[in-house]
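What follows is the residue order along each chain.
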Amino acid sequence: MKAGQLTGPRRLELVEIPEPTLQEGEALVRIEKISVCGSDLRPFAAVLPEEQYPLSPGRPTHECVGIVEESLCDEYNSGQRVIVFPYAQGGLRERIVVPPTGLVSLPDEGSLENWIICQPMGTVLYSVSRVGDVIGKNVVVLGQGAIGLSFTTFLSGMNPRELIAVDLEDYRLELSKRLGATRTINPRRDDVLEMVGELTGGEGADVVVEAAGEHETVRQSVVLAKKFGKVIWFGMTHDEYFAIDFQQIRDKDLTMIGTSSARAGTMPQYVKQVVHMVNQERVDPSLLVTHHMKIEEIQRALEMYEERSDGVIKVVMDF
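The notes below deal with the structure included here.

Criteria and cut-off values
- Residues numbered from 1 in each chain as written.
- Predicted model: local features only at pLDDT ≥ 70, side-chain atom pairs only at ≥ 80, totals over all residues.
- Heavy atoms only, no water.
- Core = buried A, V, L, I, M, F, W, Y, C linked by side-chain atoms within 4.5 Å.
- Buried < 20%, exposed > 50% of the residue type's maximum accessible area, 1.4 Å probe, protein only.
- Helix = DSSP H or I, 4+ residues; strand = E, 2+ residues; numbered from the N terminus.
- Contact = heavy atoms within 4.5 Å.
- Axes fitted to C-alpha atoms, helices over the stretch in contact; angles between N-to-C directions.
- Parallel < 35°, antiparallel > 145°, perpendicular 65-115°, else oblique.
- Left-handed = near helix turned anticlockwise from the far one by under 90°.
- Pairing = 2+ DSSP bridges.
- Salt bridge = Lys/Arg side-chain N within 4 Å of Asp/Glu carboxyl O.

## Notes on the nonpolar core
Then step 1. Of all hydrophobic cores here, the largest spans 77 residues; its most connected members are I83, V84, F151, F154 and L155.
Then step 2. Sort the elements by how many residues they give to this core and helix α10 (residues 267-279) lands first, with seven residues.
Then step 3. Sequence-distant contacts of L155, defined by excluding residues within four places in its chain, comprise V128, V131, V139, V141, P160, L163 and V209.
Then step 4. Grouped together as the second largest cluster of nonpolar side chains are 16 residues, V140, I164, L199 and V231 included.

This is the structure in structure tokens:
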């Protein structure tokens, strides 16, 4: 069967690997679609010692949906549509074997290319649960890719005083307005600190969400927060070790929260909730899908996401 494999820095190829073996208590899923996540770029762009390549097949993709082909567990039956959590083995493979805890059921109706977006939106919903009450408060979201736009979607329904979206791309800021942002800032031409100061009466933001995964925006999240404010770190930086102003965190008495639903073990719970909300037409994931491609174009899809080219927000690929 086909699978993706990193054979060098920024080089991903499709290879043939053996079919997986189904064990009691597991389900065999045929992957129908995958999508690219910003965190996929970390292993894609990493420069490892030459002898470590090629990496194990299946990685780095982890956002995938498919159909259960065979089941040896009680929770799922053949023919069911599911979101798959491939975890360490990676989802960039034609078929995958997972336990029932690695699956979330999907309705029989609706496009799989929309349902797949429930997975990243679910990770965001978990982080939003850590934010707390924002009624009447000033909130800044740094980054308006698929993750930042999901934050904007959920936070806009929580009635903040201002919901300020920050991004380098105007097309993303335009969509953030449609999703509930009250103000937008483009750092290419705007002074972010000055504008947030003006919009918050000189106090700074009650809550700052870092959803870009850049060293600069992580540092900026601390600067933009008001005294006794709250900072949510979601984005994953390529290099985890860099300088940050600890004194400012301490002097402002900030609440710092780093979030990851996968590491918290809560991803299925929150993804199920997003599936429920989409099924009720309370959330529209299709707004985030900008590109539809074939799995043979996976190299280009990752490059496009890395370069933020061609108006990309979310790429969904057919396997």
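We are not done yet, so read on.
## Thoughts on the packing of helix α6 (residues 192-199) against helix α7 (residues 215-224)
Then step 1. Their axes nearest at 11 Å, the elements α6 and α7 cross at an angle of 30°. With respect to each other, α6 and α7 are oriented roughly parallel. The element α6 and its partner α7 pack so that their crossing is right-handed. Where α6 approaches α7, its residues V192, L193 and V196 are matched on the opposing element by Q220, V223 and L224.

## Concerning the pairing of strand β2 (residues 11-16)
Then step 1. As paired elements, strand β1 (residues 2-8) and β2 share six bridges and run antiparallel to each other. Across the sheet, A3 pairs through a bridge with V15, a residue of β2.

## Structural notes on the pattern of salt bridges
Then step 1. Taken as a whole and judged by the stated rule, the model has 20 salt bridges.
Then step 2. Put simply, K177 and E174 hold a salt bridge, and the shortest N to O gap is 3.5 Å. Note that K177 and E174 are positioned in helix α5 (residues 170-178) at a spacing of three residues, about one turn of the helix.
Then step 3. Note on K177: relative accessible area 43%, which makes it partly exposed.

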